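# Survey of secondary and tertiary structure
Next come the chains, spelled out residue by residue.
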Amino acid sequence: TIIEEVDRKLLPILARGLDGTEVNLENLKGHYTIVDLWATWCQPCIYAMPALGDIYDKYRYHGLKVVSISLDGEPASEKWKKMIDKENIYWDNYIMPEGFDSELCKQLNVKAIPHFILLDPEGRIMLENAPGPSDPNLTAVLDRLLMGKK
């Protein structure tokens, strides 16, 4: 099956929001959530944003949340904010101040981006290497989880 319940939760890791407030990623609960790890310098990440927006629009009213987390690091936070506006990234956005050196990247052994993770409503990792937003396998998983399709 595509769903690989690993029954692990994200560690209590702090990311920073657009307004500078810190958010504990452990609190991503209550919805199925796609976590998108990306950076402003990553062209494949930027190319994936419109498809990620389409996934968000299709499933947001069925219980899906999308959270994009930039791995640009604190020194590039202004560039990150400008890219969010430029690319019209209208779902939740955070930045990992430590970038690739963050505990999140260490926990998930992230070596390349874009990298997608699917969390269940309890905040458990369902897919550590989820299909990208233009992959039909992601739609199949979300249809099954959120729309009751087989």
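Residues numbered from 1 in each chain as written. Predicted model: local features only at pLDDT ≥ 70, side-chain atom pairs only at ≥ 80, totals over all residues. Heavy atoms only, no water.

## Some words on the overall build of the protein chain
Looking only at helices and strands, the protein chain has 4 helices and 8 strands in total. Relative to its length of 150 residues, the protein chain is compact, with a C-alpha radius of gyration of 14 Å against a globular reference of 15 Å. Referenced to the eigenvectors of the C-alpha coordinate spread, the extents of the protein chain come out at roughly 45 × 30 × 25 Å. Burial analysis of the protein chain (150 residues in total) assigns 49% to the buried set. (Helix = DSSP H or I, 4+ residues; strand = E, 2+ residues; numbered from the N terminus. Rg over C-alpha atoms; globule rule 2.2 N^0.38 Å. Buried < 20%, exposed > 50% of the residue type's maximum accessible area, 1.4 Å probe, protein only.)

## Re the pairing of strand E6 (residues 92-95)
The side chains of a regular strand alternate, first on one face of the sheet and then on the other. Strand direction decides the pairing type here: strand E2 (residues 14-17) and E6, joined by 2 bridges, are antiparallel. Residue pairing in the sheet places Arg16 in a bridge with Ile95 of E6. Summarising the sheet, strand E5 (residues 64-70) and E6 pair through 4 bridges and their orientation is parallel. Within E6, the residue paired with Ser70 across the bridge is Ile95. (Pairing = 2+ DSSP bridges.)

## As for the pattern of salt bridges
The final tally for this structure, using the stated rule, is 7 salt bridges. Ionic pairing is found between Asp57 and Arg60, a salt bridge with its closest N-O pair at 3.6 Å. Note that Glu103 is salt-bridged to Lys106, the shortest N-O span being 3.7 Å. On the criterion of helical spacing, the pair formed by Glu103 and Lys106 is a turn pair, its members being 3 residues apart in helix H3 (residues 103-108). Glu103 sits in the partly exposed class, given a relative accessible area of 45%. Sharing partners across several salt bridges, the network here consists of Arg16, Glu22 and Glu74. (Salt bridge = Lys/Arg side-chain N within 4 Å of Asp/Glu carboxyl O.)

## Concerning unusual backbone geometry
In this structure, the amide linkage connecting Ile113 to the following residue, Pro114, adopts the cis form with an omega of 5°. Of note, Pro114 is situated in the loop between H3 and strand E7 (115-119). Its identity as a non-glycine residue notwithstanding, Asn88 has a phi of 55°, on the positive side. When you line up the elements, Asn88 lands in the loop between helix H2 (77-86) and E6. Despite not being glycine, Asn109 shows a phi value in the positive range, around 55°. With respect to the element layout, Asn109 can be found in the loop between H3 and E7.

## Notes on the nonpolar core
Core analysis: the biggest nonpolar cluster contains 49 residues, and Ile34, Leu37, Trp38, Leu64, Ile69 and Leu142 have the highest contact counts within it. Per-element accounting of this core gives the leading share, 8 residues, to helix H1 (residues 43-59). What Leu142 contacts, discounting residues up to four positions off in sequence, is Ile34, Ile55, Tyr59, Leu64, Leu118 and Met147. (Core = buried A, V, L, I, M, F, W, Y, C linked by side-chain atoms within 4.5 Å. Contact = heavy atoms within 4.5 Å.)

## Some words on the packing of aromatic side chains
Using the criterion set out here, one finds 4 aromatic pairs in the structure. Between Trp41 and Phe100 the ring centres are 6.4 Å apart and the planes differ by 35°, which places this aromatic pair in the tilted class. Here the residue Trp41 occupies a position in the loop between strand E4 (32-38) and H1, and Phe100 occupies one in the loop between E6 and H3, the gap between them amounting to 59 residues. The structure contains a cluster of three or more aromatic residues connected by ring pairs, namely Tyr56, Tyr90 and Trp91. (Phe/Tyr/Trp six-rings, centres within 6.5 Å; stacked < 30°, edge-to-face > 60°.)

Function cannot be inferred from these measures alone, as they are strictly geometric.
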